[in-house]
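Okay, here's what each chain looks like letter by letter:
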Amino acid sequence: MAERKIKRALISVYDKTGIVDFARALVGEFGIEIISTGGTAKLLQENDIPVTLVEQVTGFPEMMDGRVKTLHPKIHAAILADRDNPEHMRQLVEQDIEPIDMVVVNLYPFEETIKKPGCTLEQAIEMIDIGGPCMLRAAAKNHKHVLILSNRCHYKRTLKFLRGDTEELGEDWPRWLMVRGFQRTTSYECSVHSYFAKGLWATPLPPVRFLDLTCALPSLSGELRYGENPHQRSSVYDTNQQESDSNLPGAGYETETAMPSFNNYADGHAAMELCRELTRELTMCGTGFQPVIPSTNAPASSRWPSIEGDHSSRRNLPHLETTSRSYFVTIRTKDRTLSPSSKDIILKSCRHWHGERMTLHAAVVMPDHVHLLLTPFETESAASVALGEILHSIKSFSANEVNKNDARTGPLWLDERWDRMMRSEKEFIETWEYIETNPDRAKLGEDYKWFWSSATGFEEAGVVQSGGEGSSGGSKDEESAHRLEAGAARAGPDHRLEAGATQSGATQTNTKQERTAFGCVFIKHTNACGACVTDDPIEAYRQAYLGDPNAAMGGILACNFDIKADFAKTVMETYSLFGKDAGAGGFFVEVWIAPSFDEDAVEIIQSTKKWGERVRLLTVGDMSASPDEQELEYKSIAGGVLVQTRDLVGLKEDQWKVVTKRKPTDAEMADLRLAWLVCKHTKSNAITICKDNMLIGNGAGQMSRVMSCRIAVWLAEENGHEAKLAGSVAASDAFFPFPDGPALLMDAGVTAIIQPGGSKRDDDTIAACNERDVAMIVTGTRHFKH
């Protein structure tokens, strides 16, 4: 330890976390006398730690409900005395004052109090600490002789210092503590000032207020290894103005890993902000996502057709849990046309796991793709993982056998697959009908009508026609009921209703007025390379990752839900489950952000060798919380600083206008919402393309808007989403100056566009959309991001 002897310590803390163990160590290891006040003294005494009360030192009782406790010469002289000044020491002896060598103080939680709903002026005033800041400032001024601890995270490191372990801390530890003390009092005073100054100025950013708030860049959380590049120095400051163990502003560590880098912080902030906005703005009902079943290889103008006829009676069908875990899957060939002789091989492959790992409800083989409707037996949280394994097995076996049959070599199937989870009985029925009628709608010959279903027999594949061979021969509603019952019969016990459950009871179980969507975001260099919001966490993750698997590697992952063990296992096995088939070169993430990680999840992540051991897991709490409208953004420029309020405008749909002849469909509207929010968080010029609740192409940071359009389309094609471009939607962060950008998007298959509007040539752009039956929404709000 540096040459200083600690004989007396004054401890007066509001947040008492860890104070008992710290005080016990001071007394037991170093024989330090503890002076304390009120509740702190009581807690220490209850834990058999000897304490001298402040009033015993001052000879004066606490007054005015504790407003006056330590404001006394015998306290402040004991702290402020310069031990190297003989006159100071003479005066202490003359006044019978013993020096205080350590001050341990944290302040009343003013910042937390004023954030509570319904906080009154009187409550805020009572949380203004007076004695605490005075003692901190006194100890900081005299830091050469007095250790100052203003944060509970200083306890362990100070004990190391006292034990002489200065290798990690350095001899400058007392000076470092002094700096943190002054930062704490400065931030505290700025918080009080800002709270009481609200409403005193007519403009939101008066010069006086701004200059005062610059003092509130308080706590130096730590020095970083370097800045954006190794030759640049950098630090991170905590502007939350809260007491915290965390080394990350606004987040807490879940693992003992290296501190995030400058770029980790920048990218992590971008990921967190996008994920939070998706969470706040999108729900599965109301303004959320609608289930969409896309056409297979139809042109962009051909959408999934609505099923004709009256379906009202189907609402009374018994609810089957199988429908909420069922998947509609499309597997496409790689530049191959399937021969008629391949049909039995492919259907046999599809039926291989039927009854063992899944229920295969329906399957159809088309000339260049296969449709499946299936339900994995695994629980809902693990179903997506099981689906990947099942489909990998089907593709591997069928490719080998078909190549033997056709005397060919090379890949048969594309790496990408398309699948969607069923969200309702109606969607389950419509999907079944879509698969069954696909050959007829495509006007294929009899050779291509290869349909198999669990409702018409488990062993033989045949042509299924309404009322014909292989059909139940009943009405369409009876067929639909038969399909659902057949699905339940083979789906395993976990997929059925309990015996005796009523229809009405089942309907009630399945009804949710509103539920927050599960969202996952991948960020690279502050721009989204993957994003998906849906009602299944693993599915949201898989689709976000598949948005751009190569860009996701080494990026930042943000999830808006608590991380459990099964989800953690999926992420740690990303490459084997999804990445390898998608052609990715590998997978890891630098930082993983979520509201929380449970212990089992952390153990799974850390036990994974290589990247699992070094990933930074950061907890940020509830992502649905409303943002602070008073928070400001800063950007340094030569000789000054730019300051502005945050861009908090989200989905203000009451201000949106459809400016084309055709309105967006419900499915397009769902995708337009996602695209608009992702685009808002993308560097300008930004063009964002989405399809089926998923980001498939993001053109970011280009000098011309048309180039951003080209990049967004190219990325979608490059990452295997060419088929998804048909019927996709696009968002632009600012207006289109010419129709060339929208024309390029429409050529790629985009059928709906959202943009702020305001160009002199808006009429030309709208006319171009009308010519091609493309819907366009004008929001009236620009979202430049630099």
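The next thing to look at is unusual backbone geometry. With an omega of -10°, the peptide bond between S684 and N685 qualifies as cis. Mapped onto the elements, N685 comes out in the loop between α24 (666-680) and β22 (687-691). Phi at T526 is positive, roughly 70°, even though this residue is not glycine. Of note, T526 is situated in the loop between β14 (518-524) and β15 (527-534).

Time to look at the sheet that holds strand β4 (residues 102-106). The strand order across the open sheet built from five strands is β3-β2-β1-β4-β5, with neighbouring strands paired in parallel fashion. Both outer strands of the open sheet, β3 (52-53) and β5 (147-149), are each paired with one neighbouring strand and no more. Across four bridges, strand β1 (residues 8-13) lies against strand β2 (residues 33-36) in parallel orientation. Each bridged residue has a counterpart across the sheet, and for L10 the counterpart in β2 is I35. Helix α2 (residues 38-46) rests against β1, β2 and β3 of the sheet, and its axis sits at about 140° to β2.

The next subject is the confidence of the model for the protein. Within the protein, residue pLDDT values average 77, and 76% of them lie at 70 or more. Long-range and interchain partners of residues 202-219, a stretch whose pLDDT sits below 50, account for 34 contacts in this model, where long-range means more than four residues apart. Throughout residues 456-515 the model reports pLDDT below 50, and contacts reaching past four residues in sequence, or to other chains, amount to 93 contacts.

Moving on, we get to a nonpolar patch on the surface. A cluster of nonpolar side chains, contributed by L121, I125 and F196, occupies part of the molecular surface with about 230 Å² of accessible area. Take L121: it is sitting in helix α7 (residues 121-126). A residue is classified by how much of its surface remains accessible, and L121, at 43% relative accessible area, is partly exposed.

Here we come to helix α18 (residues 537-546). For α18, the tally of buried residues reaches 10 of 10 residues, placing the bulk of the element in the interior. Considered for burial, the residues of α18 that qualify are P537, I538, E539, A540, Y541, R542, Q543, A544, Y545 and L546.

As a further point, take the packing of helix α9 (residues 155-162) against helix α10 (residues 173-197). It is the contact of α9 with α10, at a shortest axis distance of 11 Å, that shows an interaxial angle of 155°. When the interaxial angle is binned, α9 and α10 end up roughly antiparallel. As for how α9 packs across α10, the hand of that crossing is left-handed. In contact with R157, T158 and F161 of α9, α10 contributes W173, P174, W176 and L177. Residue composition of the contact of α9 with α10, grouped by class: five nonpolar, one polar and one charged.

Taking 1.5 Å per residue as the helical rise, α24 with its 15 residues ought to reach 21 Å, and the 21 Å between its terminal C-alpha atoms agrees with that figure. For α24, the tally of buried residues reaches 14 of 15 residues, placing the bulk of the element in the interior.

This next bit is on the pairing of strand β23 (residues 694-699). Buried residues dominate β23, accounting for six of its six residues. Judged from the five bridges that link them, β22 and β23 form a sheet pairing that is antiparallel. Bridge assignment links C690 to a residue of β23, and that residue is L695. Counting the residues between successive antiparallel strands, the hairpin from β22 to β23 contains two residues, one of them, D692, with a positive phi of roughly 55°.

Turning our eyes to something else, we now look at the pattern of salt bridges. As enumerated under the stated definition, the model contains 23 salt bridges in all. Its salt-bridge partner being E401, residue K404 comes within 3.6 Å of it at the nearest N-O pair. Of this pair, K404 and E401 are both found in helix α14 (residues 380-406), three residues apart, which corresponds to roughly one turn of the helix. By relative accessible area, E401 is classed as partly exposed at 25%.

Counting across every chain of the model gives 16 aromatic pairs. A centroid spacing of 4.9 Å and a plane angle of 90° characterise the contact between F561 and F567, whose relative ring orientation is edge-to-face. Each member of the pair F561 and F567 is classed as buried. With a centroid separation of 6.3 Å and 55° between ring planes, the pair formed by F567 and W592 is classed as tilted. Residue F567 is found in helix α20 (residues 565-572), and its partner W592 is found in strand β17 (residues 589-594); the two are separated by 25 residues along the sequence.

Right, let's talk about the packing of helix α4 (residues 73-80) against helix α8 (residues 131-141) for a bit. Between α4 and α8, the shortest axis-to-axis distance is 8 Å and the interhelical angle comes to 25°. Classified by the angle between their axes, α4 and α8 sit roughly parallel to one another. Here α4 contributes I75, H76, I79 and L80 to the contact with α8, which in turn contributes C134, M135, A138, A139 and K141.

Attention shifts here to the environment of T665. With respect to the helices and strands, the residue T665 is situated in the loop between β21 (657-658) and α24. When its relative accessible area of 32% is taken as the criterion, T665 is described as partly exposed. Sequence separation of T665 and T751 is 86 residues, and the distance between their C-alpha atoms is 9.9 Å.

Here the focus is the environment of S728. Along the polypeptide, S728 turns up in the loop between α26 (722-725) and β24 (729-732). Residue classification places S728 among the buried positions, given a relative accessible area of 0%. Considered as a pair, S728 and L672 are 56 residues apart in the sequence and their alpha carbons are 9.1 Å apart. Filtering out sequence-adjacent residues up to four positions away, S728 remains in contact with I689, C690, K691, I696, G749, V750, T751 and A752. A polar atom in the side chain of S728 sits 2.8 Å from the backbone oxygen of L725.

Attention shifts here to the side chain of H783. Note on placement: H783 falls in the segment after β26 (775-778). Polar side-chain contacts of H783 include one of 2.6 Å to the side chain of D647. Not counting the four nearest positions on each side in its chain, H783 is found in contact with D647, V649, W676, K680, S684 and D733.

How each quantity is defined
- Residue numbering note: each chain is counted from 1, following its sequence as written.
- Reporting of local features is limited, given that this is a predicted model, to residues whose pLDDT is at least 70; pairs of side-chain atoms are given and counted only at 80 or more, and all residues count toward the totals for whole chains, interfaces and linings.
- Side-chain descriptors were evaluated using all non-hydrogen atoms of the structure, hydrogens and water having been removed beforehand.
- Numbering of helices and strands runs from the N terminus, with a helix taken as a DSSP run of H or I at least four residues long and a strand as a DSSP run of E at least two residues long.
- Strands are treated as partners if at least two bridges between them are detected by DSSP.
- Note on contacts: a residue pair is in contact if any heavy atoms of the two residues lie within 4.5 Å.
- Axes, fitted as lines to C-alpha atoms, cover a helix only where it is in contact. Angles between the N-to-C directions of the axes lie from 0 to 180 degrees.
- Known as pLDDT, the predictor's per-residue confidence is scaled from 0 to 100.
- Patch members must show over 30% relative accessible area and no salt bridge, and they are joined within 9 Å when carrying like charges or within 5 Å when they are nonpolar side chains of Val, Leu, Ile, Met, Phe, Trp or Tyr.
- Using a 1.4 Å probe, the Shrake-Rupley method yields the accessible areas, and only the shown protein chains count as cover for residues.
- By convention in these notes, a salt bridge is any Lys or Arg side-chain nitrogen within 4 Å of a carboxyl oxygen on Asp or Glu.
- In this scheme, a residue with accessible area under 20% of its type's maximum is buried, one over 50% is exposed, and one in between is partly exposed, where area comes from a 1.4 Å probe on protein chains only.
- Convention used here: angles under 35 degrees read as roughly parallel, angles over 145 as roughly antiparallel, angles from 65 to 115 as roughly perpendicular, and any remaining angle as oblique.
- With the far helix as reference, a near helix turned anticlockwise by less than a right angle produces a left-handed crossing, and one turned clockwise produces a right-handed crossing.
- Throughout, the ten residues Ala, Val, Leu, Ile, Met, Phe, Trp, Tyr, Cys and Pro are labelled nonpolar, Asp, Glu, Lys and Arg are labelled charged, and all others, Gly among them, are labelled polar.
- To estimate the expected span of a helix, count its residues, drop one, and scale the result by 1.5 Å.
- Paired rings are identified among Phe, Tyr and Trp, the last through its six-membered ring, by centres lying within 6.5 Å, and are further divided according to the angle between planes into stacked (under 30 degrees), edge-to-face (over 60) and tilted (the rest).
- We define a polar contact as two N or O atoms separated by no more than 3.5 Å, with the added condition that, inside protein, one atom must be a possible hydrogen donor and the other a possible acceptor, whereas residues neighbouring each other in sequence contribute only through side-chain atom pairs.

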